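Results of the structural survey
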Amino acid sequence: MALDVEKVIAAFRDPAVNEIMINPDGGAFVERLGSGMEALPVLLDTESVQAFLNAALGTEEVFGAKRPYADLSAHDGSRVHVISPPLTRGGMCVTIRKRPTRYLSLEEMVQAQSLTPNCAAFLKFCIENHKNMLIAGGTSSGKTTLLNALASLAGTKDRILVLEDTPEMVLPQRHVIYMKTRLRDPEGGADVTLKELLINSLRMRPDRIIVGECRSVEASDMLQAMNVGHEGVMCTLHASSAREALQRLETLTLLSGIDLPLKAVRQNIVQAIDLVVYMSKLSDGTRRVLQVAEITGMELDTITMTDLFKMDVRRSPGGVAFQLKAMGTVPRFFDQLRAQGGDPPNHFFQDA
């Protein structure tokens, strides 16, 4: 088994591998950048899996009936999830999302055709003007990559607070404070949730708050932060469309137990969030921005949105072509900027 462990450790150290999965039956799979999933020629027993975890984590962790699961960070910052018997049938199940050695810049994302130059220029303009932004998409759709690229454009004089469950983001600015949640440990140390980090961050004089992913009751505190004057807040959220992202945000806010009618929750969302950016991994394997929408208000009990950029899909005998197109609509917040003496350009929305 020692040789099998070395193969998995080698895969963990391979910069081309972005995910590693070890199943309870001892089988192991990796996902390589640009080439999809492949099985490793190994069969691991419990001792082998434990040896691999010790090598990846740099510490010795014990799993069993008292600690059947955990979210951990490897010594290189990779996200490690472990779930073990009695919650699994067989052995331990390990899932590792490798931390990128570097994130793409917005210019590099344009070169990779994740978004158009006009869309990238518009999003950069929104960052410069401290607009609150929600980046939505499915698993492995590129949300964190885009979030990191956009947050990297924030002013060098801004005090930036980054709140994450697992450390992933790396920003070039000097005035950045990274904070992470903590799960209950075997010694009984209390959980520290994103909700608690958000509450603390409001007392730390932030210029910008970046939330790695909004997935639970912290949604209400995030909206509250936006609505009491904190600008330039950005976060990611799992959803399959821009509209669904708002619906999920409603649900997460209500899960916090606040005593507000649904209409009031929706009004909070309208007042808090300026833009929703939706990303997806497409059939050709590329990760692209499919939609950039501005939240414009409410009609009756429904949040209204206006598409500023939207993906145009064209099918032909030669295949499928994807093109992110400007919809020719100027966002409403441009009027606010003009009222404050600004002169926002309209060239973002003029496709060549």
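Summary of the structure given here. (Residues numbered from 1 in each chain as written. Predicted model: local features only at pLDDT ≥ 70, side-chain atom pairs only at ≥ 80, totals over all residues. Heavy atoms only, no water.)

Notes on the packing of aromatic side chains
The condition that has to hold: Any two rings among Phe, Tyr and Trp, with Trp reduced to its six-membered ring, count as a pair given centres within 6.5 Å; such a pair is stacked if its planes are under 30 degrees apart, edge-to-face if over 60, and tilted if neither. Relative accessibility thresholds used throughout: buried, under 20% of the residue-type maximum; exposed, over 50%; partly exposed, between the two (1.4 Å probe, protein chains only).
The full count for this structure, using the stated rule, is 11 aromatic pairs. Measuring from centroid to centroid gives 5.9 Å for Phe348 and Phe349, while their planes differ by 85°, and the two rings are edge-to-face. According to the relative accessible area criterion, Phe348 is buried, its value standing at 4%. By the ring-pair criterion, three or more aromatic residues cluster together here, those being Phe122, Phe125, Phe309, Phe333, Phe334, Phe348 and Phe349.

Considering the pattern of salt bridges
Condition: Salt bridges are identified by distance alone: a Lys or Arg side-chain nitrogen within 4 Å of an Asp or Glu carboxyl oxygen.
Inspection of every chain in the model, using the stated rule, returns 13 salt bridges. Of the charged contacts, one joins Arg32 and Glu38 as a salt bridge, the two residues approaching to 3.0 Å between their closest N and O atoms. Since its relative accessible area comes to 21%, Arg32 is described here as partly exposed. Shared partners join several salt bridges into a network, and the residues in it are Asp14, Arg32 and Glu38.

Quick word on the side chain of Ser201
Using the following cut-off: By the criteria applied, helices consist of DSSP H or I runs no shorter than four residues and strands consist of E runs no shorter than two, each listed in order from the N terminus. We call two residues contacting when some pair of their heavy atoms lies within 4.5 Å.
Structurally, Ser201 can be placed in helix α6 (residues 194-201). Once you skip the residues sitting within four places of it in the chain, Ser201 turns out to touch Leu161, Leu163, Met179, Pro206 and Ile209.

Considerations on the environment of Ala56
With respect to the helices, strands and loops of the structure, Ala56 is situated in helix α2 (residues 46-57). When the C-alpha positions of Ala56 and Ile9 are compared, they lie 7.5 Å apart, and in sequence the two are 47 residues distant.

A look at the sheet that holds strand β2 (residues 28-32)
Test applied: DSSP-based pairing: two strands are paired if at least 2 bridges between them are found. Only C-alpha atoms enter the line fits that serve as axes; for helices the fit covers just the stretch in contact. Angles between N-to-C directions range over 0 to 180 degrees.
If you trace the six strands from one edge of the open sheet to the other, you get β3-β2-β1-β6-β5-β4, paired in antiparallel fashion. Single-partner strands in this sheet number two, and they are β3 (36-39) and β4 (69-73). Recorded for the sheet is a direction-independent mean angle of 15° between the axes of neighbouring strands. Judged from the five bridges that link them, strand β1 (residues 17-22) and β2 form a sheet pairing that is antiparallel. Looking at β2, one finds that Met21 is bridged to Phe29.

Let's talk about helix α4 (residues 117-128)
To keep things clear, this is the line we draw: One less than the residue count of a helix, multiplied by 1.5 Å, gives the span that helix is expected to have.
The terminal C-alpha atoms of α4, which comprises 12 residues, lie 16 Å apart, in line with the 16 Å expected from a rise of 1.5 Å per residue. Where α4 is concerned, the buried positions are Asn118, Cys119, Ala120, Phe122, Leu123, Phe125, Cys126 and Ile127.

Quick notes on the packing of helix α8 (residues 242-255) against helix α9 (residues 262-272)
To be explicit about the condition: Roughly parallel covers angles under 35 degrees, roughly antiparallel covers those over 145, roughly perpendicular covers 65 to 115, and oblique covers all other angles. Throughout, a crossing is termed right-handed when the near helix is turned clockwise from the far one, and left-handed when it is turned anticlockwise from it by less than a right angle. Ten residues, namely Ala, Val, Leu, Ile, Met, Phe, Trp, Tyr, Cys and Pro, are considered nonpolar, four, namely Asp, Glu, Lys and Arg, are considered charged, and the remaining ones, Gly among them, are considered polar.
Closest axis-to-axis distance for the α8/α9 pair is 10 Å, and the angle between their directions is 120°. On the basis of their axis angle, the class for α8 and α9 is oblique. Handedness of the crossing formed by α8 with α9: right-handed. Facing Leu246, Leu249, Glu250, Thr253 and Leu254 of α8, the residues of α9 in contact are Leu262, Val265, Arg266 and Ile269. Taken together, the residues of the contact of α8 with α9 break down into six nonpolar, one polar and two charged.

With respect to unusual backbone geometry
With an omega of 10°, the peptide bond running from Pro85 to Pro86 counts as cis. With respect to the helices and strands, the residue Pro86 is situated in the loop between β5 (79-83) and β6 (93-97). Located in the positive-phi region is His130, a residue other than glycine, with phi close to 55°. For His130, the position within the fold is in the loop between α4 and β7 (133-137). In the Ramachandran plot, Arg205 falls in the positive-phi region, its phi being about 50° despite a non-glycine side chain. One can find Arg205 in the loop between α6 and β10 (208-211). Accessibility expressed as a relative area gives 56% for Arg205, which makes it exposed.

Observations regarding the nonpolar core
Stated formally: Joining through side-chain atoms within 4.5 Å is the link that ties buried Ala, Val, Leu, Ile, Met, Phe, Trp, Tyr and Cys residues into a set, and such a set is a nonpolar core.
Of all hydrophobic cores here, the largest spans 76 residues; its most connected members are Phe122, Leu249, Ile273 and Phe309. Setting aside residues no more than four positions away along its own chain, Phe122 makes contact with Leu275, Val292, Leu308, Phe309, Pro331, Phe333, Phe334, Phe348 and Phe349.

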